[in-house]
Every structure is written in structure tokens, then in C-alpha cells.
Amino acid sequence: MSTKFIRPRGTEDIYYEYSQKFQTLTTTFYKLAHMYGYSFIETPTIEHKELFIRSVGSSDIVHKEFYDFVDKGNREIVLRPEGTAGVIRAVVENKMLDKYPHPLKFFYIEQMFRYERPQSGRLRQFHQFGVECISTNSYNDDVEMILMATDIIKALGIKQCELSINNIGNFQTRALWTKALSEYFHKYEKDLTEDSLKRIDVNPLRILDDKIDGKKDFVKNAPAIDEFLTKEEVEYFDNIKNALDKLNIKYVVDKSMVRGLDYYTNFVFEINSTHEGLAGQPTLIGGGRYANLVKELNGNIDAPSTGFATGIERLIIACDLENKEWDNIETADTVVISLDQSTNLYVQQILAELRKNNISCTCNFSSNKIKNGFKLAETLKAKFVIIAGKKEFENNSIEIKNQITMEQKTIGLNEMISFIKKGK
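A few points on the structure.

What counts and how
Residues numbered from 1 in each chain as written. Predicted model: local features only at pLDDT ≥ 70, side-chain atom pairs only at ≥ 80, totals over all residues. Heavy atoms only, no water. Phe/Tyr/Trp six-rings, centres within 6.5 Å; stacked < 30°, edge-to-face > 60°. Buried < 20%, exposed > 50% of the residue type's maximum accessible area, 1.4 Å probe, protein only. Lys NZ or Arg CZ within 6 Å of the ring centre and 35° of its normal. Helix = DSSP H or I, 4+ residues; strand = E, 2+ residues; numbered from the N terminus. Arc of directions from axis to C-beta. Contact = heavy atoms within 4.5 Å. 1 Å grid on protein atoms, 1.4 Å probe; cavity = no way out; pocket = protein on both sides within 12 Å on 5 of 7 lines; lining within 4 Å. Points joined across faces, edges and corners; volume = space filled by probe spheres on them. Nonpolar A, V, L, I, M, F, W, Y, C, P; charged D, E, K, R; others polar. Axes fitted to C-alpha atoms, helices over the stretch in contact; angles between N-to-C directions. Parallel < 35°, antiparallel > 145°, perpendicular 65-115°, else oblique. Salt bridge = Lys/Arg side-chain N within 4 Å of Asp/Glu carboxyl O.

**Thoughts on the packing of aromatic side chains**
The description of two aromatic rings rests on the distance between their centres and on the angle between their planes.
In step 1: The full count for this structure, using the stated rule, is 19 aromatic pairs.
In step 2: Centroid distance Y184 to F185: 5.5 Å. Interplanar angle 70°. Geometry classified as edge-to-face. One exposure class covers both Y184 and F185, and it is buried.
In step 3: Between the aromatic rings of Y263 and Y264, the centroid separation amounts to 5.0 Å while the plane-to-plane angle is 50°, which identifies the pairing as tilted. The burial state of Y263 is the same as that of Y264; both residues are buried.
In step 4: Note that R124 overlies the ring of Y115, its terminal NZ or CZ placed 4.0 Å from the centroid.
In step 5: Directly above the aromatic system of W326 lies the positively charged group of K324, at a separation of 5.4 Å from the ring centroid.

Below is the structure:
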């Protein structure tokens, strides 16, 4: 019996209609990143496991979600679970902070891997767009992160969403808060889920935004970060709020939001979908400030930074839920239909002339049926269809149709390029 091969659970094949949605998003990301002055960076898909243990700390990624293995050199390797740690590793390893003006501004579009229970909007292999502004002490760069994030949402036409911000303090402040939370939650052990019980002494902050326990009254009444914030931390957060107010950016302060990665400090934010179709996985964009990651990864200077990331697959779901009209992205400008095997060489000349003039084109040489050619044009969203058979070969002509205007006519081969460029 033959083996049936299927993709691993939690992965997707990206092709045709879905790939066109994917391309719409990535094009949007590239344009906005360029508009904000960010440079592209790409880091390896595999990294040493210790990089993420040191950078993301006691988060769920370390405890439950690594895709890790020991390679042939007996090295512990992990498939990249998030983007920031790899970017900071690259900055430190390549001594970028010594070579280039600060802040360093990078963006990436990369595959990530987490061993989670697959569901809509949450895959084991997924794609993220992320930005990192490295070595900045200015709250203005945090505000700019929100502006870029909201520009993404606007560009995609997503309306059912809400911006939430919070101040989670620096590591010293948070240590005091964490201790108070741990002592508080020990009083309610019998009322917590198994996941929350594991977090009491390791990372009690995550109990605050737990999908189950976070809704319980005693969790909502837990000690707040406000009791421990320094004057400087309060002023910094107030500056961000004042700037957002003046820029007419609507937001809510969500004191239960802590983000899932341990390196975050002080300012954090999320843009969450309010559409019921994403009720279980509402986060569209998330990020904030991180202070010590460069030093933690053996950088030689303090380099407070800020950034955010967004999952492409979940953004596509959000767009579909709001019935977004997707761009009509052409895989090929023109499809050429060969009506007869004997004229395939003539068709090759037509294709060569099109490509010489930077017009993307293709032909199904295995079929000489007009119906199949037009079906291919529909699939590829081609704007033009060219038909060539014996008659066209003998007259050095083509029959061409504009799929948008439905104009169809027979013209000389020497008129082909001007006809297409005129109709574009």
C-alpha cells in the first residue's frame, strides 16, 4: 500500500489565492518599513538554544514551545521561535553598535516555529513581520512604534480592533511586584489552573493575562504595578500617553497586559482584534520596550530598545473576517496560448519578445486548447491573453485579448508590445 504524504500538523501550504494575500501583506510591510527608515535584516532559522534561554527567560516558549534538537556536532539547536533575540545576537556579534549611528533600525519577515496546539491563527510554523529600534532612550521611538503598527492596521483596512498599552516597570520594579504577586497568588492556589500554579514562583505576571484565570475577580484584584513604579517610570509612561493624545491615537490602559517574553520592560502595547471570529486569539500586533537584552547577550554597552511583531497568518484572518478586498496581484501579465504543436517555436519567439520588454508571461505547451489557456489566465490573474496558431504564424500576427476591457483583436507581432503597454 502506498504511503500518503501530508504536511506536518500546524503548517500550511501557501499558493495561488492565499499566496496573493500573503504577498499583499509583505508588500505593505516593505513599503511602511521603508517609509519609517528601517533596513532589512535576516537571521538564521536555526540558532543555539542558549540564545533563547538567556533572552526570553522563564516564558512559555522556553518551557513548552521550543522546536529543539541536538545536531551532529552535539550542539543544542532550536528553530527560531521569535525574532528579537536573533536580531540582537546579530547586532552584538557583528559589532553594529560600534560601526553605525544609533539607533539601529531593522525590520524582518521571517518564519518562526513554536510547538503549540494548532488552531485558527496559531500555527507551529508561521511568519512574522517585526521591527527593532536598537539603542534609544527616547519615548518618541515607542510612540513611533505605535504609529507604524496603527499604519499597518489602517493600510490593511482592519477596523475592528483596539490599542492597549501598559507600564510594567523595569526589572528592579518588577521584581518587587513579582514577589508581591507570588505571595498573593499562593493564597488562592486551590482556585488556579494547573498552568497558573506552575507560574506562581516562576512568572506570576502571566497569571494576570491567562485566558482562564485572568478573568477571575481575585486575579483582577491582585497587587498592581502602580504600587511599585518609580517617579521616572511614571513620567516616561505619561509622556507616551500625552503624545498619543496629541496625535489623536485612541488607546486603553490595560493593567493586566504583561506580554509573553521576559525581556520586556516599562512600556508594552498590543493591538487586539475585537471581532468575535478572533475571540480566542485576538492579538494582531504586540511589542514594547526592552532594556537589557544587548548586555545580556554580551554587548559592551547599554542599549535600551523597542520593537514589535505581527503574525502574518493571523492578520490575513482578520482581513478576511472584515471582508477585505484583496489586491489583484498578477502572477503573470500575459498568458500565451499555442494552438498547434507545430507553431511552438513561434510562441517561444513571442514569449522571448515579451520578457525582453519586462512583461511577465507564460504558456502551457502541453495543451493546445483555448479553454485551458483562458483557465490558466484566470488562475494567474493575467491581464492579457495571446493566441497563436498556424494562421498567426503565417501572417506574423497574434490574436490578443485584454481580460479587463474585453477588447480582442488581431494585430501584427510588431504591435504586440505597444498594445500591452497601452492597456496596462
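**Things to note about helix α17 (residues 416-423)**
In step 1: Within α17 the residues assigned to the buried category are M416, I417, F419 and I420. Here the buried residues of α17 occupy an arc of 165° about the axis, which is enough to place them on one side.
In step 2: On its buried side, α17 packs onto β12 (334-338), α14 (344-356), β14 (384-388), β15 (397-402) and β16 (408-412).

**A closer look at the layout of surface pockets**
In step 1: There is about 290 Å³ of room inside the second largest pocket.
In step 2: Taken together, 13 residues line the second largest pocket, and the ones lying closest to its centre are T150, K154, C161, I249 and K250.
In step 3: Looking at the lining of the second largest pocket, the elements with two or more residues in it are α6 (139-155) and β7 (161-167).
In step 4: Residue classes in the lining of the second largest pocket are distributed as seven nonpolar, two polar and four charged.

**Digging into the packing of helix α2 (residues 49-56) against helix α4 (residues 84-93)**
In step 1: The contact between α2 and α4 brings their axes to 10 Å, and the two run at 105°. Between α2 and α4, the angle is such that the two are roughly perpendicular. Residues L51, F52 and S55 of α2 lie in contact with α4, whose contacting residues are A85, G86 and R89.
In step 2: In terms of residue class, the contact of α2 with α4 is built from three nonpolar, two polar and one charged.

**Points about the side chain of K401**
In step 1: Looking at the element boundaries, K401 is found in strand β15.
In step 2: With near-sequence residues (within four places) excluded, K401 lies in contact with F374, K383, F384, V385, M406, E407 and Q408.

**A closer look at the pattern of salt bridges**
In step 1: What the rule picks out here adds up to 19 salt bridges.
In step 2: R80 serves as the salt-bridge partner of E110, at 3.6 Å between the closest nitrogen and oxygen. Note that E110 is positioned in strand β5 (residues 104-113) and R80 in the loop between β4 (76-79) and α4, a separation of 30 residues in sequence. No difference in accessibility class separates E110 from R80, as the two residues are buried.
In step 3: Linking K241 and D238 is a salt bridge whose minimum nitrogen-to-oxygen distance equals 3.5 Å. Linking K241 with D238, this pair stays in helix α11 (residues 231-246), spanning three residues, or about one helical turn.
In step 4: With a relative accessible area of 30%, D238 lands in the partly exposed category.

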